[in-house]
Amino acid sequence: ARHILIKFKGSPVPVREGKQELSEEQALAKAQEIRKKLVAGADFATLAKAESDDAQSGANGGDLGTFKKNSMVPEFEKAAFTQPVGEVSEPIKTQFGYHLIRVDKREAPTFESQRAQIEERIKPDQARQAVELMAKNATVVMNDAYFGPAQAPMIPATPSLSAPAASAPVAPAAKPAEVAKPAATKKPVAPKPKPVK
């Protein structure tokens, strides 16, 4: 679609350089005057460049490109999606001002053109549903034989096998050039554990 916007006081659209700000009544009158010229055969793109207060689309002859539902303000969208292709609308009031809209083309996308987007949209739902179905239908069986028989924990009988106390002095580290000689000490022997019944 294309549009020509005529703003009025209070609109968030800035005033174009060299133009004066119009009251709501003046903006409506100007929009109606421009519509008469368009219906009489004036070129939409030329008038949009000269008169539209939407500087961005105005520079492109009022071209808004292709848009889908829920992407425009409600009043604008209602007119754009209901008026016949090729006709210029009556002035449509929105928060931005008065719009003259011409729909150049209306088309519904084909399934094939939208297939990839649809698949991407539904993949997470399909994955979630598959996991929920597996969890619902899964039967959990614990196989105790897999882990073997339970064994009693081994507890040392002598305190010498336990870790040294935190307050025990720490031997200084050997200098890099020196090699520490092992001390000739006997290794303590742990008592054999008694079988548990």
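Refer to the structure above for everything that follows.
Calculation rules
Residues numbered from 1 in each chain as written. Predicted model: local features only at pLDDT ≥ 70, side-chain atom pairs only at ≥ 80, totals over all residues. Heavy atoms only, no water. Helix = DSSP H or I, 4+ residues; strand = E, 2+ residues; numbered from the N terminus. Buried < 20%, exposed > 50% of the residue type's maximum accessible area, 1.4 Å probe, protein only. Patch = residues over 30% accessible without salt bridge, like charges linked within 9 Å, V, L, I, M, F, W, Y side chains within 5 Å. Areas by Shrake-Rupley, 256 points an atom, 1.4 Å probe, with all protein chains shown as cover. Salt bridge = Lys/Arg side-chain N within 4 Å of Asp/Glu carboxyl O. Pairing = 2+ DSSP bridges. Arc of directions from axis to C-beta. Contact = heavy atoms within 4.5 Å. 1 Å grid on protein atoms, 1.4 Å probe; cavity = no way out; pocket = protein on both sides within 12 Å on 5 of 7 lines; lining within 4 Å. Points joined across faces, edges and corners; volume = space filled by probe spheres on them. Nonpolar A, V, L, I, M, F, W, Y, C, P; charged D, E, K, R; others polar.

1. Describing the overall build of the protein chain
Helices and strands together make up the secondary structure of the protein chain, namely six helices and three strands. Each helix and strand of the protein chain, placed in order from N terminus to C terminus, yields the pattern β-α-α-α-α-β-β-α-α. By the burial criterion, 21% of the 197 residues in the protein chain qualify as buried.

2. Things to note about a nonpolar patch on the surface
On the surface, a cluster of nonpolar side chains totalling about 600 Å² of accessible area is made up of Val140, Met142, Tyr146 and Phe147. Assignment of secondary structure puts Phe147 in helix α6 (residues 144-147). Residue Phe147 is classed as exposed on the basis of its relative accessible area, which comes to 64%.

3. A closer look at the pairing of strand β1 (residues 2-6)
With five of five residues buried, β1 is to be regarded as a mostly interior element. Alternating positions in β1 separate into two faces, Arg2, Ile4 and Ile6 on one and His3 and Leu5 on the other, with burial throughout. Both β1 and strand β3 (residues 97-102) contribute to a ladder of five bridges, which runs antiparallel. What sits directly across from Ile4, in β3, is Leu100.

4. Some details on the pattern of salt bridges
Going through the model one piece at a time under the given rule, you end up with 13 salt bridges. For Glu90, the salt bridge is made with Arg35, and the minimal N-O distance between the two is 3.4 Å. Of the two residues, Glu90 sits in the loop between α4 (74-82) and β2 (92-94) while Arg35 sits in helix α1 (residues 24-39), which places them 55 residues apart along the sequence. Assessed through its relative accessible area of 48%, Glu90 is described here as partly exposed. Between Arg128 and Asp125 there is a salt bridge, with the nearest N and O atoms lying 3.6 Å from each other. Of this pair, Arg128 and Asp125 both sit in helix α5 (residues 111-137), three residues apart, roughly one helical turn.

5. Notes on α4
Every buried residue belonging to α4 is among Phe76, Glu77, Ala79 and Ala80, and all of these are buried. The buried side chains of α4 occupy one side of the element, clustering within an arc of 165° when seen end-on. Of the exposed residues in α4, the ones pointing more than 90 degrees away from its buried face are Pro74, Lys78 and Thr82. Close packing links the buried residues of α4 with β1, β2 and β3.

6. Some remarks on the layout of surface pockets
Reported here for the largest pocket is a volume of approximately 590 Å³. As for the largest pocket, its lining consists of 21 residues, and the residues nearest its centre are Thr66, Phe67, Lys68, Phe81 and Glu107. Counting only elements with at least two residues in the lining of the largest pocket, the list comes to α4 and α5. Among the elements that make up the lining of the largest pocket, the one with the highest residue count is α5 (four residues). Split by residue class, the lining of the largest pocket holds eight nonpolar, four polar and nine charged.

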